[in-house]
Amino acid sequence: MKLEMIVVWVITVIEDNGVRTTLDVCFSTFDEAASYAEKAQFSSFTIKVAAR
C-alpha cells in the first residue's frame, strides 16, 4: 500500500487594489498548488505551507 501525504497550502491572492484574499488548499506538492494558482489566473499571489 502506497501512502501519499496531503499538505495544506495557503495561497494569498493580492488584487490590483491591494485587497488580499487567503485560500487554504490541499495538494501533495508545492508544484500542484502553484499550478492551481496559475490556472486560476490570479494577478499576484504567494504560496506557503499552512502552519496549523
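Note that the structure is a prediction, hence the values are computed from the model and not measured.

What counts as what
Residues numbered from 1 in each chain as written. Predicted model: local features only at pLDDT ≥ 70, side-chain atom pairs only at ≥ 80, totals over all residues. Heavy atoms only, no water. Helix = DSSP H or I, 4+ residues; strand = E, 2+ residues; numbered from the N terminus. Buried < 20%, exposed > 50% of the residue type's maximum accessible area, 1.4 Å probe, protein only. Pairing = 2+ DSSP bridges. Core = buried A, V, L, I, M, F, W, Y, C linked by side-chain atoms within 4.5 Å.

**Q** Is there a simple way to think about unusual backbone geometry in this case?
**A** As a rule of thumb, non-glycine residues mostly have phi less than zero, and peptide bonds are mostly trans rather than cis. If you check the backbone angles, Q41 has positive phi at about 60° while not being a glycine. Mapped onto the secondary structure, Q41 falls in the loop between helix 1 (30–39) and strand 3 (45–49).

**Q** Help me understand the pairing of strand 1 (residues 7–14), please; the structure alone is not making it clear to me.
**A** Every regular strand shows the same layout, with side chains that alternate between the two sheet faces. By the criterion of burial, strand 1 is predominantly enclosed, with 7 of the 8 residues buried. Of the strand pairs in this sheet, strand 1 and strand 2 (residues 20–27) are connected by 8 bridges, and their pairing is antiparallel. Counted as the bridge partner of V7 is F27 from strand 2. Linking strand 1 to strand 2, which pair antiparallel, is a turn of 5 residues; within it G18 sits at a positive phi near 95°. In this structure, strand 1 lies alongside strand 3, joined through 5 bridges in antiparallel fashion. Residue pairing in the sheet places V10 in a bridge with K48 of strand 3.

**Q** Could you clarify how one ought to interpret the nonpolar core in this entry?
**A** Burial of nonpolar side chains together is a common tendency in soluble globular proteins. Counting 9 residues, the largest nonpolar core consists of V7, W9, I11, V13, V25, A33, A34, A37 and I47. Elements with a contribution of two residues or more to this core: strand 1 and helix 1. At 4 residues, the largest contribution of residues to this core is made by strand 1.

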